[in-house]
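A structural walkthrough
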Amino acid sequence: MERLRLLLLSEREKLKGYSTGKKLSYIAEYYWLHLLLVMGMLFFTVYFVYHAFFTIRENWFYITFVNSMQDAGEGSALQQGYIDYSGYDLSQKNVLFNSACYFDATRQGGTNNAYYQSFIATIEAGALDAAVMEKDNFIKVAESGRFQDLSAGEAAERFAFCRDRFVYCLPYDETYSETEIPVGIDLSDTALVTEYGLYEDGCVLGVSAYSRHPEAVVLFLSYLGID
Amino acid sequence: MESYEAKQRLNKALTHVVLIIMSFIMLVPFAWMILTALKTNQESISVNPFYILPHNGWHWENFGTVWLSYNFITLYKNTLLMIFWRVVCACLTATMAGYAFGRLKFPGKNALFSLVLIQMMVPAQIFIIPQYLMVSSMGMLNSMFGLVFPGMVTAFGTYLLKTGYEGLPKDLEEAAMIDGCNIGQRFTRIMMPLTRSSMVSLGIFTAVFAFKDLMWPMIVCTNAQTTTLSAGLAKMQGQYGSEYPTMMAAATLAVLPMVIIYVIFQKQFVEGIATSGGKL
């Protein structure tokens, strides 16, 4: 600290006889890196503070439509309808609908793409609440245990109202179950197919294994007329 | 003598013919993309090989359609900003780490550098979930920081710059030391400017990889205002999945910034590949 004080004093002494222009050019010449660092730090501080106070971090609901034939993402009629139906306050949390996801888990190498990797990442990170896709594709993904077992724990009670729509699969993990378990809800006769035309041959919804908002999934089913 | 010259000429001509054919093969996908962007949808799905050029006029309006449907200005802005910040951060962190590993002596240097090398050996996908959780908990999803975050520190860049610093003669630093330079001055005034070519290589590699990055922007950006060209194009696939001319028009618009950057920095691109021995 003492060293810094002495340096400041000597620099002030040095600048005394200089004109303003010369002072500025001296500072720019010898202290450009320091100025740059201070400006950078100021910029980042303001940026982080702004985001800490003004960014919406949480989601009410996050759903992905895999291989959807129509746009069902941000700003779509489907999303808007759900927001209106749910009455969620978007100034507090987000409602995310994503239809930019394409993979085919039934085909060899059909998952070797960035879409699948980002899809899995959002499930594993606990961000995604639900996913909708074609039945065969869905079962292949569900076999790896990435969707909730709808007959276990809280899910059994929560989704009991749509038991007649359950889609079953045999998990890879034999230690979990050696028989088929319900992992999805058939939505083939809902507006997703009949009104919005997202899928041609029906679709199935799965609740993400690490979903933080399963109640929002129930609300989505209710929005589609399943309650 | 004459037959030797004739042979040389023939060799040269053959080399050129092969190169022209290879160049043609490389250019076909780009030409196909641009020509498809100017066709009608029916023409674009025609299997008639003579329909390479549009038959029913040149449909420039495809570009207008896609330009108006998607906010390309925002996509360009986000992509260029992401590239800029990733390049700045990667060069800054890699040059400092490279200098430390290449020139300084400190305990645990080799062990720490091994950690950097390990980072290069594991697939990038492994880091996605922890990075997502970090960005998410900081409240930086859908932000420029969120986009730049994984590219701020680069193991490849650290390695590249370390090699660059190691190749510089010790006398330079010693002379600066005798002249009274402290470690910061030696680094910023003497050593860093001498590794400019390695930094340019790193900048080019970082820029190209940032431009091509699809997975991270798709995960971290969920709204159209913050997304990049690659992720924006992926979203368009849902909207224009079967309209190939519109998709190709969007793809043509998307590659424009990189083509412009390449034209401006062509010399540095070639030098960068030669310096680092990498491929883009």
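Bear in mind the structure is a predicted one, so any value in this text is a computation, not a measurement.

1. Describing the overall build of chain B
- The secondary structure content of chain B amounts to 15 helices and zero strands.
- In terms of principal-axis extent, the alpha carbons of chain B reach across some 75 × 75 × 30 Å.
- Taken across its 280 residues, chain B has 34% of its residues classed as buried.
- Contacts in chain B between residues far apart in sequence, at least 24 positions, make up 74% of those at least 6 positions apart.

2. Here's the deal with the overall build of chain A
- A tally of regular secondary structure across chain A gives eight helices and six strands.
- Its helices and strands taken in sequence order, chain A reads α-α-β-α-β-α-β-α-α-β-β-α-β-α from the N to the C terminus.
- Whereas a compact globule of 227 residues would reach a radius of gyration of roughly 17 Å, chain A reaches 27 Å, over 25% beyond that.
- Seen along its three principal axes, the alpha-carbon backbone of chain A occupies a region of about 90 × 40 × 30 Å.
- Burial status across chain A gives 33% buried among its 227 residues.
- Across chain A, the fraction of contacts at a sequence separation of at least 24, relative to all contacts at a separation of at least 6, is 69%.

3. Quick word on the interface of chain A and chain B
- Between chain A and chain B, the contact holds 24 residues from the first and 24 residues from the second.
- Those elements that provide at least two residues to the side of chain A that touches chain B are helix 2 (20-54), strand 2 (94-98) and helix 4 (114-124) of chain A.
- Element by element, the count of residues in the side of chain A that touches chain B is highest for helix 4 of chain A, at six residues.
- Class assignment for the residues of the side of chain A that touches chain B results in 11 nonpolar, nine polar and four charged.

4. Side note on unusual backbone geometry
- Unusually for a residue other than glycine, Asn67 of chain A sits at a positive phi of about 55 degrees.
- By the secondary structure assignment, Asn67 of chain A is in the loop between strand 1 (59-65) and helix 3 (77-86).
- Its identity is not glycine, yet Asn142 of chain B carries a phi of approximately 60 degrees, on the positive side.
- Relative to the assigned elements, Asn142 of chain B resides in the loop between helix 6 (128-137) and helix 7 (144-148).
- A tally of 21 C-beta atoms within 10 Å means that Asn142 of chain B is categorised as buried.

5. Overview of the nonpolar core
- Ile63, Val132, Val204 and Phe220 of chain A are the most contacted members of the largest nonpolar core, which totals 103 residues.
- With 10 residues, the top contributor of residues to this core is helix 4 (residues 72-103) of chain B.
- Apart from the residues within four sequence positions on either side, Ile63 of chain A is in contact with Phe97, Asp129, Ala130, Ala131, Val132 and Phe220 of chain A.

6. Examining the domain arrangement of chain A
- Segmenting chain A into domains produces domain 1 (2-54) and domain 2 (59-223).
- The distance between the C-alpha centroids of domain 1 of chain A and domain 2 of chain A comes to 54 Å.

7. Looking at the pairing of strand 2 of chain A
All names here are of chain A.
- Pairing of strand 1 with strand 2, which is carried by five bridges, proceeds in the parallel orientation. Each bridged residue has a counterpart across the sheet, and for Ile63 the counterpart in strand 2 is Phe97.
- Assessed by its sense of winding, the connection that carries the chain from strand 1 through helix 3 to strand 2 is right-handed.

Calculation notes
- Residues numbered from 1 in each chain as written.
- Chains lettered and ligands numbered in written order.
- Predicted model: local features only at pLDDT ≥ 70, side-chain atom pairs only at ≥ 80, totals over all residues.
- Helix = DSSP H or I, 4+ residues; strand = E, 2+ residues; numbered from the N terminus.
- Buried ≥ 20, exposed ≤ 12 C-beta atoms within 10 Å, placed from the backbone.
- Contact = placed C-beta atoms within 7 Å.
- Rg over C-alpha atoms; globule rule 2.2 N^0.38 Å.
- Nonpolar A, V, L, I, M, F, W, Y, C, P; charged D, E, K, R; others polar.
- Core = buried A, V, L, I, M, F, W, Y, C linked by C-beta atoms within 7 Å.
- Domains from an automatic or database assignment.
- Pairing = 2+ DSSP bridges.
- Right-handed = clockwise from strand over helix to strand, strands pointing away.

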